[in-house]
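# Close look at the chain arrangement
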Amino acid sequence: MNKLFFLISAVLMCAVLLACGAQTEITDPVTTPATEPKDTPTEAPTEAVTEPPTPPADDFVLDISGKQYVKNAEKAVYTFKNEAINTVKKEIFGDNLAWRGNGYGVYDPQTKSFNEKLVEAIKNSGVTNIRYPGGIEGDFFIWHQTIGSSRKAQVDPFSDSYPTNAATSGVKYYPFFGFDEFFELCRLAEVEPVVQLNAGTGTAKEAADLVKYCLEKGIDVSSFAIGNEVHFKAEPVDGITSTKTAEQYIDFANEVYAELGALADEVELGVIGIPAAHALCRDSSWDKKILTALGDKIDFVDYHIGYAPLYTLDGDKDEDIFKAYMAAPTYIKTLLRAIKGEIKTYAKDNAENISIQITEYGPMGTHYWGMIGSTFLASMIQIMLEEPMVSSANHLPLLNHPYAPNLVGYMKSGSTENYWDNLSTYIFRWYSAQIGRDVLKAESDVPTFKSKKIGIVPAQSRAESASCAVYADEAGGSLFIINQCTTENLEFNVTLPYERIRITAITELYNDDFTVANTVKAQNLIAPTSHTVDDKEYSGSLAVTSKPVSVVRIDFEIIQ
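Below: a short report on this structure. In this text, all values refer to a predicted model and were calculated from it rather than measured experimentally.

With that out of the way, let us pick up the overall build of the protein. In terms of helices and strands, the protein carries 10 helices and 27 strands. The globule rule puts the C-alpha radius of gyration for 560 residues at 24 Å, and the 35 Å found for the protein is more than 25% above it. Projected onto the principal axes, the alpha-carbon positions of the protein cover approximately 150 × 65 × 50 Å. The buried share of the protein, taken over its 560 residues, is 53%. In the protein, once contacts between residues fewer than 6 apart in sequence are set aside, the share between residues at least 24 apart is 79%. In the form shown here, the protein has an accessible surface area of approximately 26100 Å², with 52% of it arising from carbon and sulfur atoms.

Spelled out as C-alpha cells, the structure:
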C-alpha cells in the first residue's frame, strides 16, 4: 500500500514539473545578495535645479512732446495683432517723370547721355518704378514719333510753365527724352517702367502698338493704363480735343483690346476711373459705365484720389489749410471704400480680379513742401499699404516740378549741380525700407476733429487726429506714429503683439514751422532727429507723446 502510494505521488510530481516547464523559460539561476555591500558608496539626494524666473520687462515710455504745445486731453490707443492684413508691395513706391525738359534734366541731348549723379540720386530715393510720359502730357504724346531718328515735335500742354516757360500752353517741342531713353533710364536706375497710353489725341491702334513694341523688345513694363484724365471736362490746351465721354472712352478701350487680342493677357492693362464721391467728378456715372462695359476685361482701375488739398480758396487761413491736409486721409479712406463698392457692384464676376492703382498722389497746393505736406504724404502711404486691393501707386513728382514736393531735390544753376533731400525724400525712404514686411492688423480708438472745406477736401466732421502702423517680419519691424493734430501734443498708447522687444532706433521728422522746407538755398534746414535708445528689453507696451504734425519711426527687434 505504501509503495503504491509512493509510486503514484512520484508520477504526479513529475507531471506537475513537466507542465510548469512547458509554460516558463528555464534560465540559469542568478544569485542576488539580499543587501548591498557595506563598502558601496551611496549618492546624496539632490534637489531639482530650476532657472530663476525672467524678470518682467518694463513698458517703453517716450516723451518727445513740444513744450510750446498743450497736451491733447484724449489719447490715441492702438492694439496690434500678430496677424497680417497685407504685405508691403514694392510697386507702391513709384513716381512720375515727364518727357518735358529732357526728363526734367535727367537726359543730355547734346552728349546723348544720362546725368549719372542724378540717376544715382533717383536710385537712392526709394523709388521702385517710374510712370511715363507724364500724366496730362501723355494724352498728347504720339509714342512712335519719339523714337529713332525720325522724331517729330510733340505738344507740351504745360509749355507756359516750367521748364519751357513759353508764352502759351500747347507749344511743340522736340522729344529728345523719348520712350527708348525712358526705358534706358529705368534700366540704369534699376526700376520698372509704368506706361500711360495716349487716350486723348492718339488712336487705339497706336496705343496697342506701343504695348506690342514693349513685348517685342522684351521690356518688362509693370502696367499699362489707357489714358490719364480724359474724363475731365476742361481741355488742357485750347483748340485741341483730348477729353472723352464715358461712351467714347469705352469704345476706345474696346478697340485697344481688339487690336491686342490674346496679347492683352500677357500684360497688366487697365482703365481710368473716378468715384462718384470725388470732388472733381464731372460724370457721377463714369465708374458705373466703365466697369459695367469693361469689367470683364481689365486688370485694374487707375484712380487719382491722393491729392490734397490740390488748391486753396482765396483768403484761407493757414490753420484751416493745415487741418484740411490732416483731414484729407479720412476723406481718402471714404473714397477707397466707395471705389471698392463700385468695383464689386458693377464688375460683378471679375471684381475679385480687379485691383486699384493710384498713379498720381501727393500733397499739392499751399504749404506742400513743409511738414504739413510731408505728414499727409506719410498718412497717404499708410492708407495704401493697409489696403490689399491697391496694387501699385505713383507719387508725383520725381523731380523739378513746380507745384508739388519733388522726391529728389535737384537744381542746376549754370554749371553747378545742387542735390539735397526734401522732407518727402525722408518719408519715402522710411516706408520703402519696409518692402516685404507684413502690415499688422490694428484695433484703434483715436480722437477726432472737425475741418472746413478747403480745395478738393470737403468738410470733415470726424477727421482722425492720428495714424499708426506696424510693419514687421520674424526678426523685428518698424512702428510709425503720425500726430495729425495741428496744435496739440498727442499721447499714443501702443500695444505690440510681442512679450519682449529691443528698441534699436528712434527717428523723428518735425519742424516748428509747418510751412518751411529744404530748398536749394537751405538744403539741410530740416532733417530727421535721432533720439537716444537704451540697450535693454522692453515689453510690447509703448507710451509715446509726440509733437503736432510730426512723424516718428521706432525700429525694434523681437526677443524670442
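What follows deals with the pattern of salt bridges. Taken as a whole and assessed by the stated rule, the structure comprises 28 salt bridges. When the shortest N-O distance is used, the salt bridge between Lys 71 and Glu 491 registers 2.7 Å. On the criterion of sequence distance, the pair formed by Lys 71 in strand E2 (residues 70–87) and Glu 491 in strand E23 (residues 488–495) is long-range, its members being 420 residues apart. A cluster of three or more residues bridged by salt bridges with shared partners is formed by Arg 500, Arg 502, Asp 535, Glu 537 and Glu 557.

Attention shifts here to the packing of helix H9 (residues 371–386) against helix H10 (residues 423–432). Where H9 contacts H10, the axes come no closer than 9 Å and their chain directions differ by 25°. Classed by the angle they form, the pair H9 and H10 counts as roughly parallel. In the packing of H9 onto H10, the handedness of the crossing is right-handed. Counting all contacts with H9, which are made through Met 371, Ser 374, Leu 377, Ala 378, Ile 381, Gln 382 and Leu 385, the residues of H10 involved are Leu 423, Ser 424, Ile 427, Phe 428 and Tyr 431. In terms of residue class, the contact of H9 with H10 is made up of 9 nonpolar, 3 polar and no charged.

It is worth spelling out the pairing of strand E18 (residues 438–445) at this point. Summarising the sheet, E2 and E18 pair through 7 bridges and their orientation is antiparallel. When the sheet's bridge partners are listed, Ala 84 is paired in E18 with Leu 440. Inspection of the sheet shows E18 paired to strand E21 (residues 466–472) by 2 bridges, in the antiparallel sense. Across the sheet, Val 439 pairs through a bridge with Tyr 471, a residue of E21.

Attention now moves to the packing of aromatic side chains. Scanning the entire structure with this criterion turns up 24 aromatic pairs. With a centroid separation of 6.0 Å and 45° between ring planes, the pair formed by Phe 141 and Phe 179 is classed as tilted. Taken together, the positions of Phe 141 in the loop between strand E6 (129–132) and strand E7 (154–156) and Phe 179 in helix H4 (residues 179–189) put the pair 38 residues apart, joining distant regions of the chain. Here the two residues Phe 141 and Phe 179 agree in accessibility, since each one is buried. Centre to centre, the rings of Tyr 325 and Phe 376 are 6.4 Å apart; their planes meet at 55°, and the pair counts as tilted. With Tyr 325 in helix H8 (residues 318–346) and Phe 376 in helix H9, the pair connects residues that are 51 residues apart, well separated along the chain. This pair shows no difference in class: Tyr 325 is buried, exactly as Phe 376 is. An aromatic cluster of three or more residues is present, and its members are Trp 99, Tyr 107, Phe 114, Tyr 132, Phe 141, Phe 177, Phe 179, Phe 182 and Phe 183. The residue whose ring lies beneath Lys 547 is Tyr 510, and the NZ or CZ to ring-centre distance is 5.3 Å.

So, on to the packing of helix H3 (residues 116–123) against H4. Between two packed helices, the angle of one axis relative to the other and the distance separating the axes together describe the packing. Remark: H3 packs on H4, axes separated minimally by 9 Å, with the N-to-C direction vectors making an angle of 65°. The handedness of the crossing between H3 and H4 comes out as right-handed. Note on element contacts: H4 touches H3 through Leu 185, Leu 188 and Ala 189, opposite Val 119, Ile 122 and Lys 123. A class-by-class count of the residues in the contact of H3 with H4 yields 5 nonpolar, no polar and 1 charged.

Attention now goes to the side chain of Thr 486. Assignment of secondary structure puts Thr 486 in the loop between strand E22 (476–483) and E23. Excluding its chain neighbours within four sequence positions, the residues that come into contact with Thr 486 are Glu 319, Phe 322, Lys 323, Met 326, Phe 514, Pro 548 and Val 549.

As enumerated under the stated definition, the model contains 2 cavities of 30 Å³ or more in all. Each pocket or cavity is described by its volume, and for the largest cavity that value is around 80 Å³. Lining the largest cavity are 13 residues, and of these Phe 141, Trp 143, Leu 197, Asn 198 and Leu 210 lie nearest its centre. Counting residues per element, the ones that place at least two in the lining of the largest cavity are strand E9 (192–197) and helix H5 (204–217). When residues in the lining of the largest cavity are grouped by element, the largest group, 3 residues, is from H5. Class assignment for the residues of the lining of the largest cavity results in 8 nonpolar, 4 polar and 1 charged. Residue lining of the second largest cavity: Met 326, Pro 329, Thr 330, Lys 333, Ser 379, Ile 383, Glu 464, Ala 466, Ser 467 and Gln 484, and that is the complete set. Elements supplying a minimum of two residues to the lining of the second largest cavity: H8, H9 and E21.

Definitions and limits used
- Here the residue numbering is sequential within each chain, running from 1 through the sequence in written order.
- With pLDDT at 70 or above as the cut-off, local features in this predicted model cover only qualifying residues; side-chain atom pairs require 80 or more to be listed or tallied, and sums for whole chains, interfaces and linings still use all residues.
- Only hydrogens and water are set aside when side-chain values are computed; all heavy atoms of the structure are taken into account.
- Helix and strand labels come from DSSP, where a helix needs a run of H or I of at least four residues and a strand needs a run of E of at least two; each type is numbered from the N terminus.
- Each radius of gyration reported is based on C-alpha atoms, and the globular scaling rule is 2.2 Å times the count of residues to the power 0.38.
- The buried label applies to any residue whose accessible area, calculated with a 1.4 Å probe on protein chains only, is under 20% of its type's maximum; exposed applies above 50%, and partly exposed to all values in between.
- Throughout, a contact is declared for two residues whenever any of their heavy atoms are within 4.5 Å.
- Each accessible area is a Shrake-Rupley estimate made with a 1.4 Å probe; only the visible protein chains count as cover when residues are assessed.
- One side-chain nitrogen of Lys or Arg within 4 Å of one carboxyl oxygen of Asp or Glu is enough to make a salt bridge.
- Axes here refer to lines fitted to C-alpha atoms; in helices the fit is confined to the stretch in contact. Angles between the N-to-C directions go from 0 to 180 degrees.
- Relative orientations are named as follows: roughly parallel for angles under 35 degrees, roughly antiparallel for angles over 145 degrees, roughly perpendicular for angles from 65 to 115 degrees, and oblique for any other angle.
- In this scheme the handedness of a crossing depends on how the near helix is turned from the far one: anticlockwise by less than a right angle means left-handed, clockwise means right-handed.
- Classification convention: Asp, Glu, Lys, Arg as charged; Ala, Val, Leu, Ile, Met, Phe, Trp, Tyr, Cys, Pro as nonpolar; all other residues, Gly among them, as polar.
- Strand pairing follows a simple DSSP-based rule, namely that at least 2 bridges must link the two strands.
- Note on aromatic pairs: the rings of Phe, Tyr and Trp (six-membered ring only in Trp) are paired at centre separations within 6.5 Å, and the planes decide the class, stacked below 30 degrees, edge-to-face beyond 60, tilted for the rest.
- Only when the NZ of Lys or the CZ of Arg is both within 6 Å of the ring centre and within 35 degrees of the ring normal is a charge said to sit over the ring.
- Points on a 1 Å grid over protein atoms alone make up a cavity when a 1.4 Å probe fits among them but cannot get out, and a pocket when they form an open set with protein on both sides within 12 Å along at least five of seven lines; lining residues each have an atom within 4 Å of a point.
- Grid points are joined across faces, edges and corners, and a volume is the space filled by probe spheres set on the points.

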